[in-house]
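One-letter residues, chain by chain:
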Amino acid sequence: EAGRFYFIPRAGDGAVPLLQQMTYMLALGIGGETAATLWTMATGWLAGTLVYVVARHYMDRTWALAAALLFLTTPTVIYSAGTGQIEVRNAAFVLACVFALAEARRNGGLRYVLVAGIAAGFFVASKYTGLLFAFSCGVILLFQRRWLLQCSVFTAAVVVAGGEWYAWNWWHTGDPVFPVLYGLIDYPPDFPWSADIQRHYFEVTRQSDRLYPLNIIGLFQYPIFETIFPSAQLESLKAGMGIFWMLAAPLIIVQLFHRSALVHRTDFLIFIGVGTLSYILWFFFGPSQRVRHLMPLYPLMLITGVFYCHLAFKEGAMIRLAICAIILVPAVLQFGMHGISTIKYFSYFWRNQTRDQFLERSISRYPAVKWINDNLSSSSVVFNPFRETIYLMS
């Protein structure tokens, strides 16, 4: 290692650095850069596989493949699945959790509640926004049979699966959700955190990550405006959710109460209920309005939309034409974006580029990393707030 590298996490990221040490850093230590890259690829595709498996439970293979295709070509999935971004991995936890909740309602089995709690706990362990999601699941459980027992099992599973990271925070800082409670509880006197740092993260950082007012108007404006008028500030220009959800939303509303949609309706009410409540809590209490932070909830809307497209497809020629447009237009646009995003990887082989040339084209600030590796000794100390460059320092 080229000296010691100090890393200051963004407010709201929770225990992500710890979780990465148990996943990405473990792969890096075992097999170097190749193993870490393969690990990010495998975990990034995991959510797409789970989208197909869950969709296949409700519809035939063709429609399930359509759901998986739409998911894997979603701009934010293209942007983050092959990198260390945690959101697409959390999408797998969210989908597993909500599907298990739906099965628990149907079968009444506590084993499904236990699975749901473990999946939610993994989300809680990887990002503070997982707490909002877990709370939303708990609210939904209040409407299930044996709600008290199910809520107790779910809560216990969440704590066991995700609570250790918060215990680690509390042990070192006194704040289980560090640094959210700074000023409300006493931190150790020698802990390297101050009022100025707190002000920076909760004023300057939040101002740069928020464009919409925290009111009802902003709540409804946000998803529509960030889809039609994507902004670079919230990364929706390159890491948005695509247009499928907007095209499918009216169909979902109409079909949800259609006679033919009675099958599995309760399951998808759970999907919609958890997704909607989590979105509302995230919008008002989340640390950032970056669109990719909603990625974990997207499969819930996606599978629901494809399911009701699948049902409506049987209702006549005009409806079938509209359904084809709802599915194919986003798929074609997203395939085009996928092709554009792969150009730099293909050029690595076509032009016989060196590793340094590829990284300079692909990773911002890599020239600074290269200079540090070439010029600083192992005793040097570097302040580095950019996580994507840490493992490149050698």
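Just so it is clear, the model here is predicted, and its values are computed rather than measured.

(A) The overall build of the chain, seen in detail. Scanning the chain from N- to C-terminus turns up 18 helices and 2 strands. Taking 2.2 N^0.38 as the reference for a compact globule, 394 residues should give roughly 21 Å; the C-alpha atoms of the chain span a radius of gyration of 22 Å, in line with that estimate. Its C-alpha atoms put the chain at 70 × 55 × 40 Å along the principal axes. Per-residue burial for the chain yields a buried fraction of 46% across its 394 residues. When contacts within the chain are restricted to residue pairs at least 6 apart in sequence, long-range pairs at least 24 apart make up 69% of them. Just so you have it, the chain exposes about 19,800 Å², and 69% of that area is on carbon and sulfur atoms. Separation of charge centres in the chain, based on 28 positive and 21 negative side chains, amounts to 11 Å.

(B) Geometry of the packing of aromatic side chains. Counted by the stated rule, this structure contains 26 aromatic pairs. Here Y58 and F268 contribute two aromatic rings whose centre-to-centre distance is 4.8 Å and whose plane-to-plane angle is 50 degrees, an arrangement assigned as tilted. Note that Y58 is positioned in helix α2 (residues 24–58) and F268 in helix α13 (residues 265–285), a separation of 210 residues in sequence. The same class applies to Y58 and to F268, which are both buried. A ring pair is formed by Y279 and F283, whose centres lie 6.2 Å apart and whose planes are at 45 degrees; its orientation type is tilted. Of the two residues, Y279 and F283 are both situated in helix α13; the distance of 4 residues between them amounts to about one turn of the helix. A single burial state applies to Y279 and to F283, both of which are buried. Aromatic rings pair up to connect Y58, F99, F268, F271, F307 and Y308 into one cluster. One Lys or Arg, R365, reaches over the ring of F386 and ends 3.7 Å from the middle of that ring.

(C) Structural detail: the environment of F143. Note that F143 resides in the loop between α7 (129–141) and α8 (147–173). Relative accessible area serves as the criterion here: at 71%, F143 is assigned to the exposed category. Distance from F143 to A47, taken between C-alpha atoms, is 28 Å for residues 96 residues apart in sequence.

(D) Broad picture of a nonpolar patch on the surface. Together, L142, F143, W147 and L148 make up a nonpolar patch on the protein surface, roughly 490 Å² of accessible area in all. If you trace the backbone, L148 turns up in helix α8. L148 gets classed as exposed once you look at its relative accessible area, which sits at 55%.

(E) Molecular detail of the nonpolar core. In this structure, F71, F133 and F271 are the most contacted members of the largest nonpolar core, which totals 85 residues. Considering each element in turn, this core owes the most residues, 11 residues, to helix α5 (residues 87–107).

(F) Here's a closer look at the packing of helix α12 (residues 244–255) against helix α14 (residues 298–312). Following both chains from N to C, one finds α12 and α14 inclined at 60 degrees, their axes separated by 9 Å at the closest point. By the angle between their axes, α12 is oblique relative to α14. For the element pair α12 and α14, the recorded crossing hand is left-handed. Counted together, F244, W245, A248, L251, I252 and Q255 of α12 and Y298, M301, L302, T304, G305, V306, Y308, C309, L311 and A312 of α14 form the full contact between these two elements. For the contact of α12 with α14, the per-class residue count stands at 13 nonpolar, 3 polar and no charged.

(G) Summary view of helix α3 (residues 61–72). Between the first and last C-alpha of α3 there are 16 Å, a value that for 12 residues agrees with the 16 Å anticipated at 1.5 Å per step. Restricting attention to buried positions, one finds in α3 the residues W63, A64, A66, A67, A68, L70 and F71. Where α3 is buried, its residues contact α2, α4 (75–80), α5, α12, α14 and α15 (317–341). Where α3 begins, one side-chain oxygen reaches toward the backbone nitrogen of T62, 3.3 Å away; that side chain belongs to D60.

(H) Highlighting the pattern of salt bridges. Enumeration over the complete set of coordinates arrives at 10 salt bridges. A salt bridge links R292 to E87, with the shortest nitrogen-to-oxygen separation between them at 3.1 Å. Linking R292 in the loop between α13 and α14 with E87 in helix α5, this pair joins segments that are 205 residues apart in sequence. Like E87, R292 is buried. Between R290 and D209 there is a salt bridge, with its nearest N and O atoms 3.2 Å apart. One end of the pair, R290, is in the loop between α13 and α14; the other, D209, is in the loop between α9 (195–208) and α10 (216–228), and 81 residues separate them in sequence.

(I) Helix α6 (residues 110–126), seen in detail. When the terminal C-alpha atoms of α6 are compared, their 25 Å separation across 17 residues agrees well with the 24 Å that a helix rising 1.5 Å per residue should span. Those residues of α6 that fall on the buried side of the exposure criterion are V113, A116, G117, A119, A120, G121, F123, V124, A125 and S126.

(J) Layout of the environment of F271. Mapped onto the fold, F271 is located in helix α13. Between the alpha carbons of F271 and T304 there is a distance of 7.5 Å; along the sequence they are 33 residues apart. When residues no more than four places from it in sequence are discounted, the contact partners of F271 are V54, Y58, L95, V98, F99, A102, L300, I303 and T304.

Reading guide: rules and limits
Residues numbered from 1 in each chain as written. Predicted model: local features only at pLDDT ≥ 70, side-chain atom pairs only at ≥ 80, totals over all residues. Heavy atoms only, no water. Helix = DSSP H or I, 4+ residues; strand = E, 2+ residues; numbered from the N terminus. Rg over C-alpha atoms; globule rule 2.2 N^0.38 Å. Buried < 20%, exposed > 50% of the residue type's maximum accessible area, 1.4 Å probe, protein only. Contact = heavy atoms within 4.5 Å. Areas by Shrake-Rupley, 256 points an atom, 1.4 Å probe, with all protein chains shown as cover. Lys, Arg positive; Asp, Glu negative; His and termini not counted. Charge placed at Lys NZ, Arg CZ, Asp CG, Glu CD. Phe/Tyr/Trp six-rings, centres within 6.5 Å; stacked < 30°, edge-to-face > 60°. Lys NZ or Arg CZ within 6 Å of the ring centre and 35° of its normal. Patch = residues over 30% accessible without salt bridge, like charges linked within 9 Å, V, L, I, M, F, W, Y side chains within 5 Å. Salt bridge = Lys/Arg side-chain N within 4 Å of Asp/Glu carboxyl O. Core = buried A, V, L, I, M, F, W, Y, C linked by side-chain atoms within 4.5 Å. Axes fitted to C-alpha atoms, helices over the stretch in contact; angles between N-to-C directions. Parallel < 35°, antiparallel > 145°, perpendicular 65-115°, else oblique. Left-handed = near helix turned anticlockwise from the far one by under 90°. Nonpolar A, V, L, I, M, F, W, Y, C, P; charged D, E, K, R; others polar. Expected span 1.5 Å × (residues − 1). Polar contact = N/O pair within 3.5 Å; in protein donor to acceptor, adjacent residues only side chain to side chain.

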